[in-house]
Amino acid sequence: VKLASRLRQSGIGVLQASSSRSLKAQLRQADKLGARYAVIIGEQEMATGTVTLRDMTSAQQETVTAKELQERLHPQLQ
């Protein structure tokens, strides 16, 4: 929630998905909504202080820190 708030404050649109749905269903919803990226935060990411950034166009994923995430999503703010 804190990360979503920081991203919104920097001008990045954020839609938080319900955790009651499967990851696959959430990614399908993001794709239908035309999201360019999906940010995945699971137990492993919480433990390491990172997030998984998924490019919805190429389906490639990478693990980044919260700071790197903001830089990748909105580089002109840095």
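For the structure, see preceding data.
Okay, so let's go over this structure. Note that the coordinates shown come from a computational prediction; the quantities given were computed from them, not determined experimentally. (Residues numbered from 1 in each chain as written. Predicted model: local features only at pLDDT ≥ 70, side-chain atom pairs only at ≥ 80, totals over all residues. Heavy atoms only, no water.)

Section: helix α1 (residues 2-9)
In plain terms, the rule: Each residue's exposure class comes from its accessible area (1.4 Å probe, protein chains only) as a fraction of the maximum for that residue type: buried when under 20%, exposed when over 50%, partly exposed otherwise. Labels follow the DSSP assignment, with helices taken as runs of H or I lasting at least four residues and strands as runs of E lasting at least two, numbered in each case from the N terminus. Each direction from the helix axis to a C-beta atom contributes to the arc, which is the arc of those directions. When checking whether two residues touch, look at their non-hydrogen atoms; a contact exists if any pair is within 4.5 Å.
By the burial criterion, the buried members of α1 are L3, A4 and L7. Down the axis of α1, the buried set is contained in an arc of 100°. They therefore lie on one face. Of the exposed residues in α1, those oriented more than 90 degrees away from the buried face are K2 and Q9. Of the surrounding elements, those touching the buried residues of α1 are β2 (50-55) and α4 (66-73). Immediately beyond the C-terminal end of α1, within one or two residues, lies G11, with a positive phi of roughly 95°.

Remarks on a nonpolar patch on the surface
Put simply, the rule reads: Within the patch definition used here, like charges are joined within 9 Å and nonpolar side chains (Val, Leu, Ile, Met, Phe, Trp, Tyr) within 5 Å, considering only residues with over 30% relative accessible area and no salt bridge. Computed by Shrake-Rupley with a 1.4 Å probe, the accessible areas treat only the displayed protein chains as cover when residues are assessed. Each salt bridge in this description consists of a side-chain nitrogen of Lys or Arg and a carboxyl oxygen of Asp or Glu lying within 4 Å of one another.
On the surface, a nonpolar cluster with roughly 290 Å² of combined accessible area is contributed by V39, I41 and M46. Relative to the helices and strands, I41 resides in the loop between β1 (37-40) and α3 (43-48). In this structure I41 comes out as partly exposed when scored by relative accessible area, which is 44%.

Thoughts on the nonpolar core
In plain terms, the rule: In these notes, a set of buried Ala, Val, Leu, Ile, Met, Phe, Trp, Tyr and Cys residues joined through side-chain atoms within 4.5 Å is what counts as a nonpolar core.
With seven residues, the main nonpolar core is built from L3, L7, I12, V51, L53, V64 and L69. Of all the secondary structure elements, the ones that give two or more residues to this core are α1 and β2. Once residues within four sequence positions are removed from consideration, V64 is found in contact with T50, V51, L53, L69 and R72. Of all hydrophobic cores here, the second largest spans five residues; its members include L27, A30, A38 and M56.

These figures capture arrangement, not role.
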